[in-house]
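Remarks on the overall topology
What follows is the residue order along each chain.
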Amino acid sequence: MATDSTQTNPLLCDIETGVCETPGDSTENKSLKAEVSGNKTIKVVYFTDPICSSCWGIEPQLRKLKLEYGDAIEIDYRMGGLLPDWNYNSGGISKPSDVAHHWDEVSIHYDMPIDGDVWLEDPLDSSYPPSEAFKAAQMQDEHKALLFMREMREMVFLEKKNIAKWEVMEEAAKQVGLDVKQLKIDFDGQAKVLFEEDLNVKASFGVRGFPTMFFIDDAGNKEMVYGSKDYAFYEMAILKMNPEAVKKEYPKNWEFLFEKYNTLTAKEFSVLSGKPRVAAEVFLNDLTTKGKLSKLTTKNGSIWEVK
């Protein structure tokens, strides 16, 4: 693929920086304040997108962060609008099939299963519909909304499903127990306004790449982590904002981890359990053989869940 297309296509994430960028000015650590809780909780403003492969790549780190520092952080999920359509970039984006091979490469880099063939078989026209659906889900239930986002990501990254289609989003909503009728009403209505608000917040923070997280303390001081980074970067950001934040110990056994998170990749299980990556996959396969887990395998990796 031509270099200029790589530089301007937001779906072609930079593996070196771990960022999926939209055209515009670079993300800067601007002096902005945000409303935070009054109990020394750190507000984490997380700019993401349902089809951002680098955001999928940091799921292991994010899940561990919630287990260890969930009592110290409050995450505010903001949709970034990674792909408005295939024409907005004045020809910089040529066609969906350009993304397929890149997603396969990203999968190997992050060690997270991604099947890029969705861009060959049923490509998405935009990431706006699933973003608006997430905002609609948030109107119902924040926890279910996060499960909904995870379900949609598994659908697009592993199952090669076009999550911009309502019937696919509807299927994901049913899986996590959302009120589908209400979701459709909100999706066609107020969710679009909320999504526009997210885009305005993104602009006010100067964000153009995902994942981007701002860790903000009670005084409005903030620390930015830009792109996919090792776990230590997120932990250091928390401790910089609140040196008294306490790391919580949690059970590392597979029963607890699968109760906490319904599905886990080998990379996620390795990060959360502390088992070496190869040993983690052997362990999960053994549980599958014993009938404890079920396994979905793609050309670039697998994901497990309790039977």
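Right above here is the structure, for reference.
Definitions and cut-offs
- Residues numbered from 1 in each chain as written.
- Predicted model: local features only at pLDDT ≥ 70, side-chain atom pairs only at ≥ 80, totals over all residues.
- Heavy atoms only, no water.
- 1 Å grid on protein atoms, 1.4 Å probe; cavity = no way out; pocket = protein on both sides within 12 Å on 5 of 7 lines; lining within 4 Å.
- Points joined across faces, edges and corners; volume = space filled by probe spheres on them.
- Helix = DSSP H or I, 4+ residues; strand = E, 2+ residues; numbered from the N terminus.
- Nonpolar A, V, L, I, M, F, W, Y, C, P; charged D, E, K, R; others polar.
- Pairing = 2+ DSSP bridges.
- Axes fitted to C-alpha atoms, helices over the stretch in contact; angles between N-to-C directions.
- Phe/Tyr/Trp six-rings, centres within 6.5 Å; stacked < 30°, edge-to-face > 60°.
- Buried < 20%, exposed > 50% of the residue type's maximum accessible area, 1.4 Å probe, protein only.
- Lys NZ or Arg CZ within 6 Å of the ring centre and 35° of its normal.

1. Thoughts on empty space enclosed by the protein
Going through the model one piece at a time under the given rule, you end up with 1 cavity of 30 Å³ or more. Each pocket or cavity is described by its volume, and for the largest cavity that value is around 30 Å³. In terms of residue count, the dominant contributor to the lining of the largest cavity is helix H3 (residues 59–69) (3 residues). Split by residue class, the lining of the largest cavity holds 5 nonpolar, 1 polar and no charged.

2. Some details on the sheet that holds strand E7 (residues 263–265)
Here we have 3 strands laid out as an open sheet, ordered E7-E9-E8, and antiparallel in their pairing. One side of each edge strand has no neighbouring strand; the edge strands of this open sheet are E7 and strand E8 (293–298). Within the sheet, the average angular offset between the axes of one strand and its neighbour, ignoring direction, is 25°. Pairing geometry for E7 and strand E9 (residues 301–306), over 3 bridges, is antiparallel. Counted as the bridge partner of Thr265 is Ile303 from E9.

3. Some words on the packing of aromatic side chains
Enumeration over the complete set of coordinates arrives at 15 aromatic pairs. A ring pair is formed by Trp254 and Phe258, whose centres lie 6.4 Å apart and whose planes are at 70°; its orientation type is edge-to-face. Of this pair, Trp254 and Phe258 both sit in helix H12 (residues 254–260), 4 residues apart, which is roughly one turn of that helix. Pair check on accessibility: Trp254 and Phe258 agree, each one buried. Among the aromatic residues, those joined into a ring-pair cluster are Trp56, Trp86, Trp103, Trp119 and Phe157. The positively charged end of Lys184 is found above the aromatic ring belonging to Trp166, 5.4 Å away from the centroid. One cation-aromatic arrangement involves Lys275 over Phe283; the distance from NZ or CZ to the ring centre is 4.6 Å.

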